[in-house]
Amino acid sequence: MPLRKVALACVNCGSRNYTVSENKNRTERLEVKKFCKHCGKHTLHKETR
Ligand SMILES: [Zn+2]
């Protein structure tokens, strides 16, 4: 079974800055603080579908 790739988008500007492999055991949507080069700071990134 191939791992699904999930895009993480900045909640401020909506840019999809990161992609991660989905953890098949997780139940909640991913929310990660990461650096957004568009915003120039660390912002919350959420997975997109
Ligand atoms: Zn941003």
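See above for the structure.
The notes below deal with the structure included here. Source: prediction; values computed, not measured.

### A look at the overall build of the protein
When its secondary structure is counted, the protein shows zero helices and four strands. From first element to last, N terminus to C terminus, the protein shows the α and β order β-β-β-β. Seen through its principal axes, the protein has C-alpha atoms that stretch 35 × 15 × 15 Å.

### Digging into the environment of His45
With respect to the helices and strands, the residue His45 is situated in strand E4 (residues 41–48). Judged by C-beta crowding, with 24 C-beta atoms within 10 Å, His45 ranks as buried.

### Concerning the environment of Ser15
In this fold, Ser15 is placed in the loop between strand E1 (5–10) and strand E2 (16–21). Look at Ser15 and you get partly exposed, because 16 C-beta atoms sit within 10 Å. C-alpha of Ser15 to C-alpha of Lys37: the two residues are 22 residues apart in sequence and 9.3 Å apart in space. Leaving out residues up to four positions away in the same chain, Ser15 has contacts with Ala9, Cys10, Cys36 and His38.

Rules behind the numbers
- Residues numbered from 1 in each chain as written.
- Predicted model: local features only at pLDDT ≥ 70, side-chain atom pairs only at ≥ 80, totals over all residues.
- Helix = DSSP H or I, 4+ residues; strand = E, 2+ residues; numbered from the N terminus.
- Buried ≥ 20, exposed ≤ 12 C-beta atoms within 10 Å, placed from the backbone.
- Contact = placed C-beta atoms within 7 Å.

Take it as geometry only, folks, not as evidence of what the structure does.
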